[in-house]
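# A structural walkthrough
Each chain, letter by letter, is given below.
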Amino acid sequence: MSTENTTPTKKISRRDFLGISWAALVGLLGAETAGVLFRYIQPINTGGFGGIVNAGKVDDFKRGSITQNQAGRFYLVRLEDGSFLALWQKCTHLGCSVPWVDAENQFHCPCHGSLYNQMGEVQGGPAPRPLDFFPVTIKDGEVFVDTGNPTQRSKFEPGQTTKA
Amino acid sequence: MAEQSPQQEAFPKGSVKTYNLVEVVRGRTNMIEKGPDNTIFSFPVVAILELLITLGMSAVLVLFSLVKNAPLEDLANPLVTTDPAKAPWYFMGLQEMLEHAHPLVSGIILPGVMVLFVMAIPYLDNSRIGSGQWFTSPRGKKITLWTAIYTLIIMPAYIVLDNLFPPRELLRGIVPDFVAQSLIPVVILGIIVLLPLVLLMRSKPNAREVMLVLFTVLFVSAVVFTLSGFLFRGPGFKLYWPWDMPNGYNPLNNL
Amino acid sequence: MSILNSITNSRIWRSFFRHGWPDNPLDRSLIMTTNVFFHLHPVKVNLKSIRAAYSLGLGILTVAAFISLALTGTMLMFNYVPSVERAFPDIVALQNSVPFGQLFRNLHRWGAHLMVLTCVLHMARVFYTGAYKPPREFNWVVGVVLLILTLGASFTGYLLPWDQLAYWAITVGTSIASYEPMMGALIKKILLGGPEVGQASLTRFYGLHIMVIPAILLLLISLHMWRVRKDGGLAANDLDAAPLEDGQK
Ligand code: HEM
Ligand code: FES
């Protein structure tokens, strides 16, 4: 420590330094508390919907078929090329459950009439984007859908499907 | 403050604070015929008024509760959506807006701008003139009345026309979604909201009158949208007359 | 009246109430300044400001609705478990088997609607009477926060019966929030405690509804009413005021 008492660079007085340190410490404490609280209120996923759902055997799903999985809240679409696409049944407009209507060959939301095709792409109505999809993995001939991770997209791309 | 009279000095009038308990002395109150003489002791008059309001409200609530039961539908079922699916009535204005523009615009940006505007009102208009007086002046009253009438006509018209010729569907695939669902509605609504202001500007309004126009347009629009969403939207969220809903749907059951 | 006198003169009584019977100016002042509930009021008010045609009594009505909701809500809590399995049957039982259960539920439901309504109308009244102007800007901002909290209280309560109406109203309502581009999805996830309305949402909404929001409301309502006093009573007082020195238009 310098013994000179007229150092030109010394701008902050001892009192100010201590004051600022205290303020910084309190600020840090506040930030830590906020961080802890933020982590604390994060949702936890335990099984069922929101976890990884076993949808069944690959061979149980015909090509070009659409199967509803009620527990997982999704439609498992098997495209003509044999790949899988898991569509969350939740309308991207305001969250109503969208039923697949066989007669119209499309998803038709009862709430405000959004229409989606087999790949979940918007055909009409107020929906702003295609139906969200869940990642699908295939292990030992069984289809697993990770319902904890709905993914938003702006259009259908082959990368969203999983080859059997 | 300019020196006026001794009374004015002893009791400067103003909204700051007109009295203070400094000391208690025996004798006649020195307020007599001096200073602000328009005041009374809060106790017991204000206390009694407050009690009366509370009792009156309780009586009305109890009577109403005896006549009409709170609604209760079937057990919640995440797999089956009710048709229509409505938010609580005070959010129906928001939901009605969502019919007319992209949700980011109608659900977030416009309401956000509205809340910020309402919060900012005292800072946009900080003149003190006319504070504590309904509509501030006869002119203010006229401005409010005409703005309200204008909004009551043009907003329902907008809702019906936009519903008959929705740019979203008419222009799907012709122009980018952004234009049809965000740009066009914002431009139309912007013109509707700002038109009365433009008209007013020709007569050199003060800040209070500008606020009167803007607040009235927004407030009455909010009422119109809320009523439209709450009363006039039926199954499929389509427009119907409230007394003529299909499938026996009664909008009042959504309370 | 000697018994009464000996009670009101006792040390215990005098330690509770530090003023005499309020029939004279001194005690009428003291009752306001020494009582925590009354002290939200000024000692004296301008006659103009208590005219019904000025304030329409809407602020007080909102306070009354809030107090009534706190009371009826507590009654409902005694017969309600916030679980997906129990909530709905509890409400049915409340209506069918609990004496006056239906009445308390009705009171709470209609009271909630009333509070939202009077709060909105109160805001309109404050605006149209120009009562937001200085020095009341801050109280206006507090008011806007109160309005948002009131809506929040009503919205979180809406889910608790766990019927179709509740479920889809909250689904639709929280979906609107998720459109906020930066925090929307996160806010929705934290509110619901998961990707869709479920047990986690019910638990969270219950906590917000019975504790968090009412506590903040209580604090802010007190602040709001105290500020009314600090800003010189209702703005109607200002009409008596002398011209302002800063000569604003
Ligand atoms: C929980 C909701 C609210 C409660 C319980 C409440 C309560 C009150 C009460 C009791 C008063 C006294 C005057 C009267 O009865 O009208 C008052 C005045 C006032 N309120 Fe509120 N209020 C609420 C919401 C609001 C809102 C939403 C605003 C505006 C955005 C607001 C702004 C004001 C202002 C500026 C005053 C002073 C009015 C004047 O000086 O004339 N309050 N409030
Ligand atoms: S929620 Fe499906 S169209 Fe609105």
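An account of the accompanying structure is given in this report. Note that residues are indexed from 1 along each chain, following the sequence as it is written. Here the convention is simple: chains get letters from A, ligands get numbers from 1, in the order in which they are written. Local features in this predicted model are restricted to residues of pLDDT 70 or higher, and side-chain atom pairs are both shown and tallied only at a pLDDT of 80 or more, whereas totals for entire chains, interfaces and linings draw on every residue. Calculation of side-chain values draws on the structure's entire complement of heavy atoms; hydrogens and water are dropped beforehand.

## Quick look at the overall build of chain C
Helix numbering and strand numbering both begin at the N terminus, where a helix is a DSSP run of H or I of at least 4 residues and a strand a DSSP run of E of at least 2. Secondary structure assignment for chain C yields 11 helices and one strand. The order of helices and strands in chain C, counted from the N terminus, is α-α-α-β-α-α-α-α-α-α-α-α. In terms of C-alpha radius of gyration, chain C reaches 23 Å, well past the compact-globule figure of 18 Å for 249 residues. In terms of overall dimensions, chain C has C-alpha extents of about 60 × 60 × 30 Å along its principal axes. Long-range pairs, those at least 24 residues apart, make up 66% of the contacts in chain C with a sequence separation of at least 6. Calculation of accessible area relied on Shrake-Rupley with a 1.4 Å probe; when residues are assessed, cover is drawn exclusively from the protein chains displayed. Of the accessible surface of chain C, which amounts to about 11,400 Å², a share of 72% is contributed by carbon and sulfur atoms. The convention is simple: Lys and Arg are positive, Asp and Glu are negative, and His and the chain ends are not counted. Where a charge sits is defined by one atom per residue type, namely NZ (Lys), CZ (Arg), CG (Asp) or CD (Glu). Looking at chain C, you have 20 positive and 13 negative side-chain charges, and the mean spots of the two groups are 4 Å apart. When we talk radius of gyration, it's over C-alpha atoms, and the globule rule is simply 2.2 Å times the number of residues to the 0.38. Any two residues whose heavy atoms approach within 4.5 Å at even a single point are treated as in contact.

## Comments concerning the sheet that holds strand E4 (residues 84-88) of chain A
Residue and element names in this part refer to chain A. When DSSP locates at least two bridges between a pair of strands, those strands are taken to pair. Strand order across the open sheet formed by four strands is E2-E3-E4-E9, with antiparallel pairing between neighbours. Every other strand in the sheet has two partners, leaving strand E2 (65-69) and strand E9 (133-134) as the edge strands with one partner each. Sheet analysis places E2 next to strand E3 (residues 74-78), joined by five bridges and oriented antiparallel. Residue pairing for E3: asparagine 69 is matched across the bridge by phenylalanine 74.

## Remarks on the packing of aromatic side chains
Between two aromatic rings, the relevant description is the distance of the centres plus the angle of the planes. Here the aromatic set is Phe, Tyr and Trp, taking the six-membered ring for Trp, and pairing holds for ring centres within 6.5 Å; pairs whose planes are under 30 degrees apart are stacked, those over 60 apart are edge-to-face, and all others are tilted. The final tally for this structure, using the stated rule, is 26 aromatic pairs over all chains. Ring pairs connect the aromatic residues B:Trp134, B:Phe135, B:Phe215, B:Phe219, C:Phe127, C:Tyr128, C:Tyr132 and C:Trp140, which therefore count as one cluster. One cation-aromatic arrangement involves C:Lys44 over B:Phe41; the distance from NZ or CZ to the ring centre is 4.9 Å. When the NZ atom of lysine or the CZ atom of arginine is within 6 Å of a ring's centre and also within 35 degrees of its normal, the charge is said to sit over that ring. Positioned above the aromatic ring of C:Tyr158 is the side chain of C:Arg109, whose terminal nitrogen or guanidinium carbon lies 4.8 Å from the ring centre.

## Some thoughts on the state of the cysteines
Residue and element names in this part refer to chain A. Throughout, a disulfide means two cysteine sulfur atoms within 2.5 Å of one another. Following the criterion strictly, the structure yields one disulfide over all chains and no others. Between the sulfur atoms of cysteine 96 and its disulfide mate cysteine 111 the distance is 2.0 Å. Across the S-S bond linking cysteine 96 and cysteine 111, the dihedral sits near -90°, which makes this disulfide left-handed. Of this pair, cysteine 96 sits in the loop between E4 and strand E5 (100-101) while cysteine 111 is found in the loop between strand E6 (106-108) and strand E7 (115-116), placing the two residues 15 residues apart along the sequence. Of the two residues, cysteine 96 and cysteine 111, neither departs from the other in class, the shared state being buried. To sort residues, take the accessible area from a 1.4 Å probe on protein chains only and compare it with the maximum for the residue type: under 20% means buried, over 50% means exposed, and anything in between is partly exposed.

## Topic: the coordination of the iron atom of ligand 1
All names here are of chain C. Coordination here is defined by N, O and S atoms within 2.8 Å of the metal (3.2 Å for Na, K and Ca), and since water is not considered, a site can look incomplete. Around the iron atom of ligand 1, the protein contributes the donor atoms His122 (NE2) and His224 (NE2), which lie 2.0 to 2.1 Å from the metal centre. With six donor atoms in place around the iron atom of ligand 1 and angles of 85 to 178° between them, the coordination shape is octahedral. Here histidine 122 is found in helix H7 (residues 101-128), whereas its partner histidine 224 is found in helix H11 (residues 199-230), with 102 residues between them in sequence. There is no split in this pair, since histidine 122 and histidine 224 are both buried. Under this scheme a four-donor centre is tetrahedral when all angles range from 85 to 135 degrees, a four-donor centre is square planar and a six-donor centre octahedral when opposite donors are above 155 degrees with the rest from 65 to 115, and any other centre is irregular.

## Points about the interface of chain B and chain C
At the junction of the two partners, chain B supplies 87 residues and chain C supplies 96 residues. Buried surface area refers to the total accessible area, computed with a probe of radius 1.4 Å, that the two partners give up upon joining, counted for both partners together. If you sort the residues of chain B by the area they bury against chain C, B:Phe41, B:Phe43 and B:Trp134 come out on top, with a joint share of 9%. Here, a salt bridge means any Lys or Arg side-chain nitrogen found within 4 Å of an Asp or Glu carboxyl oxygen. Where chain B meets chain C, there are one salt bridge. The salt bridge involving B:Asp125 is made with C:Lys133; its shortest N-O contact spans 3.4 Å. Polar contact is the term for a pair of N or O atoms within 3.5 Å; when the atoms are in protein, one must be able to donate a hydrogen and the other to accept it, and sequence-neighboring residues count only if both atoms are side-chain atoms. Taken together, chain B and chain C are joined by 36 residue pairs in polar contact (both at pLDDT 80 or more). Contributions of two or more residues to the side of chain B that touches chain C are made by strand E1 (39-41), helix H2 (42-67), helix H3 (92-98), helix H4 (103-124) and helix H8 (207-231) of chain B. In terms of residue count, H2(B) provides more of the side of chain B that touches chain C than any other element does, 16 residues in total.

## Concerning the pairing of E4(A)
If a strand is regular, its side chains alternate between the two faces of the sheet. Residues and elements named next belong to chain A. The buried fraction of E4 amounts to five of the five residues, a majority that puts the element mostly inside the structure. Alternating residues of E4 divide into Phe84, Ala86 and Trp88 and Leu85 and Leu87, and every residue in both groups is buried. Inspection of the sheet shows E3 paired to E4 by five bridges, in the antiparallel sense. Bridged to phenylalanine 74 within E4 is tryptophan 88. Linking two consecutive strands that pair antiparallel, namely E3 and E4, is a turn of five residues; a positive phi of about 90° is found at glycine 82 within it.

## Observations regarding the sheet that holds strand E10 (residues 136-139) of chain A
Residues and elements named next belong to chain A. The antiparallel open sheet is built from three strands, whose spatial order is E1-E11-E10. Each edge of the open sheet carries a strand with a single partner, namely strand E1 (52-57) and E10. Taken over all neighbouring pairs, the strand axes of this sheet differ in orientation by 25° on average, direction set aside. Where E1 and strand E11 (residues 142-146) come together, five bridges link them in antiparallel fashion. Residue pairing for E11: valine 53 is matched across the bridge by valine 145. Orientation is described by axes fitted as lines to C-alpha atoms, over the contacting stretch for helices, and by angles from 0 to 180 degrees between their N-to-C directions.

## Describing the environment of C:Arg105
Take C:Arg105: it is sitting in helix H7. Between the C-alpha atoms of C:Arg105 and C:Ile91, which are 14 residues apart in sequence, the distance is 8.6 Å. Other than its neighbours up to four places away in sequence, C:Arg105 contacts B:Ala70, B:Pro71, B:Leu72, C:Leu76, C:Ile91, C:Leu94, C:Gln95 and C:Pro161.

## Some words on the pairing of E11(A)
All names here are of chain A. Pairing of E10 with E11 involves four bridges; the strand directions are antiparallel. Among the inter-strand pairings, isoleucine 138 is bridged to a residue of E11, identified as valine 143. Linking two consecutive strands that pair antiparallel, namely E10 and E11, is a turn of two residues; a positive phi of about 50° is found at aspartate 140 within it.

## Observations regarding the interface of chain C and chain A
Facing the 15 residues of chain C at the interface are 17 residues of chain A. Across the interface of chain C and chain A, roughly 1,300 Å² is buried in total on both sides, 62% from carbon and sulfur atoms. The three residues of chain C that bury the most area against chain A are C:Tyr179, C:Pro195 and C:Glu196, which together make up 39% of that side's buried surface. At the boundary of chain C with chain A, the tally comes to one salt bridge.

## Comments concerning the site of ligand 1
All names here are of chain C. If a single non-hydrogen atom of a residue is within 4 Å of a molecule or strand, that residue counts as near it. In the vicinity of ligand 1 there are 25 residues, among which Tyr54, His122, Gly143, His224 and Ala235 approach most closely. One of the side-chain nitrogen or oxygen atoms of arginine 136 is found 3.2 Å away from an oxygen atom of ligand 1. A distance of 2.8 Å separates an oxygen atom of ligand 1 from a polar atom in the backbone of alanine 235. Secondary-structure elements contributing two or more residues to the shell around ligand 1 are helix H4 (52-55), helix H5 (58-77), H7, helix H8 (137-158) and H11. Residues that form the shell around ligand 1 fall into these classes: 16 nonpolar, seven polar and two charged. Gly falls in the polar group here, along with every residue not listed as nonpolar (Ala, Val, Leu, Ile, Met, Phe, Trp, Tyr, Cys, Pro) or charged (Asp, Glu, Lys, Arg).

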